[in-house]
Amino acid sequence: MIVDVKGLKTHFFTHRGTVKAVDGVDFELRQGECLCLVGESGCGKTVTALSVLRLFDSPPGKIVGGQIRYNDLDLARCPIKQLRQIRGKDIAIVFQEAQSALNPVLTIGDQITEQIKVHLPLNNEQSRDRAKTLLSDMGIPTPETVMHYYPHQLSGGMKQRVLIAMSLSCDPKILIADEPTTAVDVTIKAQILDIFRELKTKRQMSTIFITHDLAVVSEIGDRAVVMYGGKDVETAPVSELIGNPKHPYTEGLIDCLPDMSKSGDRLASIPGTTPNPLELPEGCSFHPRCSKAMGICSHVEPSKTKISDGHFVCCHLYT
Amino acid sequence: MVETKIGGCLPNRTGLFNYYWQRIRRNKLALAGLAFIVFLIALAVIGPFVTSDPMAVNFDEKEIPPISFTSQQSTYNIQTDQLTTKDIHGTWEHPLGTDSKGSDMLAMLIAGARISLLVGLIATGIAIILGTIIGVVSAYLGGWADNILMRFTDIMMTFPFFLLLVLIVFIFGPSLAFIVLVIGLTGWTGTARMIRSESLSLRTREFVVAAKALGATDNRVVFRHLIPNVASLIIIMATLSIPGVILAEAALSFIGLGDPTVPSWGVILESGRHTLATSWWVAVEPGIMLFLTVLAFNFLGDGLRDAFDPRSNL
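Residues numbered from 1 in each chain as written. Chains lettered and ligands numbered in written order. Predicted model: local features only at pLDDT ≥ 70, side-chain atom pairs only at ≥ 80, totals over all residues.

Engineer: Could you clarify how one ought to interpret helix 4 (residues 143–158) of chain B in this entry?
Structural biologist: Every α-helix carries 3.6 residues per turn, so stepping three or four residues along brings you back to the same face. The end-to-end C-alpha separation of helix 4 of chain B is 23 Å, in line with the 22 Å expected for 16 residues at 1.5 Å each. Here helix 4 of chain B lies mainly on the outside; one of its 16 residues are buried. (Helix = DSSP H or I, 4+ residues; strand = E, 2+ residues; numbered from the N terminus. Expected span 1.5 Å × (residues − 1). Buried ≥ 20, exposed ≤ 12 C-beta atoms within 10 Å, placed from the backbone.)

Structure below.
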């Protein structure tokens, strides 16, 4: 186990009230595995990822509880200087929108080499060489030329590759990918998933992969954490999660996937929308949308129940 | 190795500069402004080595009009108790005429160009550097730091800087260095506000978070990521504030608070005010120079603003 998150709570104290974006999440990341965080928009998966490196805006955001164990450190509490050493060097993040995650006024080469020089004792020339190698590793045909380009001169897929190259520039042990396949088209998506698959086999990279797409999860994930309303409602190995979902929300998500073999029917959907994070429902926050809701669901918060080894669910159906 | 081009036709590495130059070139007024400013800078740098001493006094050659103009000069003869009037024509020796002390106008205007430009550049430089740093830091830190810095900016904005100048001139005497310092140290407020509002939106952009995610320190984010992104705004603000500073110095000189030991355009203009009836050119010539300079900087500033604005169709 390389990262162990326990009871993580990240709240945002706004003038309209407290947003409990992440409210008690447990998960662990094992060496060399791809852990997926799955959920709808606003369920807290991005904030969970940002919390690992404390990258949310503070104020208003604050980690109010729990711990994030990495080696002997608690990332939720360690001094910012120590955290800065870890950011990029040990744990790196790939953001969703490659267009906005690259600085528009610096060339690609400048951005990557700057990054390398922060963490590694290399001079200008060495870091440029390293940047070129990284770019060609990511399947960019003419790294020398691309180094001189500005972000707006590259296509979306290229930018996403540059971004991944940048996060890999200091050989991180853990990669956090925040919906890297959401803003690109299908062919690029396939190529990017290939890159992540390759990272896993070649470098034994441990990855936290955030997505709302269960199809992507089934393709590259080893284990998955389903999140709803800032909580982890179900954790299981991916094959178990897809084949034997326990939580009604997970079942709903799987039903929503289009199935080519059954044509003609309307696509299933989960009724309602994600709850307003300022006023989460009492008890189980999913109960207003749940088809199997019982009386207890509206006032008692379900606790974690073990289904089998490595499969946990938070639902009153199983307690 | 054959270089394959990605994504169609891509500009080379000088692309950005060329791109903006092409956009500015299409604005003829901005180009004219730029030409005049280049001419003025050349004049200010080389001129004083070529011309005679601008402060030289020669009462035998006082109040000679510019070339192709004629003026009448009256002399009173005590012995005959008669007033004789004679016509004086402009000479090539003093192409722009002389003032009431016989100093050469051309030499004075060239020396004045040097002073006015220096005042404009140095005071604007101080103001822009202060404004940029205060604006960016304020936006980046946010919270109480932002509050304190912006309330301080508000106070500076409402503070009557002219009064401060009058006070300083009264206490320390009229010195160009003080005037430049005061204009610079009070003129940053507008820039700070503009830069802050621009940085506020930049700060939440993902590349700033991405830079932090890769281990960048606050300093690095501010100087490497935020400031280069507001560079176009800084250039525009600087270009548009230079004429204001030049005019402020001229205005101070005009009301007699300028440094009388240096022939800035404002000082020359002020000295011509008293002899407007007999030698109008002493006041008019620096006036024209001020007018043209201010106009040139404004045209260039407008042109730059259009060129840097991706939404304008040029």
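Engineer: Any chance you could explain the sheet that holds strand 5 (residues 73–74) of chain A here in plain terms?
Structural biologist: Sheet strands pair via backbone hydrogen bonds, and the direction of the pair is either parallel or antiparallel. Residues and elements named next belong to chain A. In spatial order, the strands read 2-1-4-5; together these four strands make up an open sheet with antiparallel pairing. Each edge of the open sheet carries a strand with a single partner, namely strand 2 (17–29) and strand 5. Here nine bridges tie strand 1 (residues 3–14) to strand 2, and the two strands are oriented antiparallel to one another. Opposite threonine 14, over in strand 2, you have glycine 17 as the bridge partner. Each of strand 1, strand 2 and strand 4 (61–70) touches helix 1 (residues 45–52); the most contacted strand, strand 2, lies at about 70° to it. (Pairing = 2+ DSSP bridges. Contact = placed C-beta atoms within 7 Å. Axes fitted to C-alpha atoms, helices over the stretch in contact; angles between N-to-C directions.)

Engineer: Hey, could you run me through the interface of chain B and chain A in this one?
Structural biologist: A common way to state how big an interface is: give the accessible area lost once the parts meet. The interface is formed by 22 residues belonging to chain B together with 32 residues belonging to chain A. Those elements that place two or more of their residues in the side of chain B that touches chain A are helix 8 (206–213) and helix 9 (218–229) of chain B. If you tally residues by element for the side of chain B that touches chain A, the top one is helix 8 of chain B, at six residues. Across the side of chain B that touches chain A, the residue classes break down as nine nonpolar, seven polar and six charged. (Nonpolar A, V, L, I, M, F, W, Y, C, P; charged D, E, K, R; others polar.)

Engineer: Help me understand the sheet that holds strand 8 (residues 206–211) of chain A, please; the structure alone is not making it clear to me.
Structural biologist: All names here are of chain A. With mixed pairing, eight strands are arranged side by side in an open sheet as 6-7-8-3-9-10-12-11. Two strands close off the open sheet at either side, each with one partner strand: strand 6 (91–94) and strand 11 (304–308). Neighbouring strand axes in the sheet, compared pairwise and without regard to direction, differ in orientation by 20° on average.

Engineer: Which parts of the structure should I look at to understand unusual backbone geometry?
Structural biologist: One can expect most non-glycine residues to show negative phi and most peptide bonds to be in trans. Residues and elements named next belong to chain A. Phi is positive for arginine 54, which is not a glycine, with a value near 50°. Summarising the element assignment, arginine 54 is placed in the loop between helix 1 and strand 4. The class for arginine 54 is buried, based on 20 C-beta atoms found within 10 Å. Even without a glycine there, the phi angle at aspartate 171 is positive, about 50°. Residue placement: aspartate 171 occurs in the loop between helix 7 (156–167) and strand 7 (174–178).

Engineer: Can you walk me through the environment of isoleucine 195 of chain B in this structure?
Structural biologist: All names here are of chain B. Tracing the backbone through its elements, the reader meets isoleucine 195 in helix 7 (residues 189–203). For isoleucine 195, a count of 28 C-beta atoms within 10 Å translates into the label buried. Sequence separation between isoleucine 195 and alanine 139 is 56 residues, and the spatial gap between their C-alpha atoms is 8.5 Å. Those residues in contact with isoleucine 195, other than ones at most four positions away along the chain, are Gly131, Thr132, Gly135, Val136, Val230 and Leu233.

Engineer: What should I look at first to understand the nonpolar core in this one?
Structural biologist: A general feature of soluble globular proteins is that nonpolar side chains tend to end up buried together. Counting residues in each nonpolar core, the largest one holds 157 residues, and the members touching the most others are Val38, Leu163, Ala165, Ile176 and Ala224 of chain A. Among all residues touching valine 38 of chain A, those that are not within four sequence positions of it are Thr211, His212, Leu214, Val217, Ala224, Val225, Val226 and Met227 of chain A. (Core = buried A, V, L, I, M, F, W, Y, C linked by C-beta atoms within 7 Å.)

Engineer: What is the right way to read helix 9 of chain B from this model?
Structural biologist: Residues and elements named next belong to chain B. For helix 9, with 12 residues, the first-to-last C-alpha span of 16 Å sits near the 16 Å given by 1.5 Å per residue. Of all the positions in helix 9, only Val222, His225, Leu226 and Asn229 are classed as buried. The buried residues of helix 9 occupy an angular sector of 130° when the element is viewed end-on, so they sit on one face. Buried residues along helix 9 sit in contact with helix 3 (105–141), helix 7 and helix 8. (Arc of directions from axis to C-beta.)

Engineer: Got a minute to help me understand the environment of leucine 43 of chain B in this structure?
Structural biologist: Residue and element names in this part refer to chain B. By the element assignment, leucine 43 lies in helix 2 (residues 28–50). Sequence separation between leucine 43 and isoleucine 110 is 67 residues; the distance between their C-alpha atoms is 6.5 Å. Those residues in contact with leucine 43 that lie beyond four places of it in its chain are Ile110 and Ala113.

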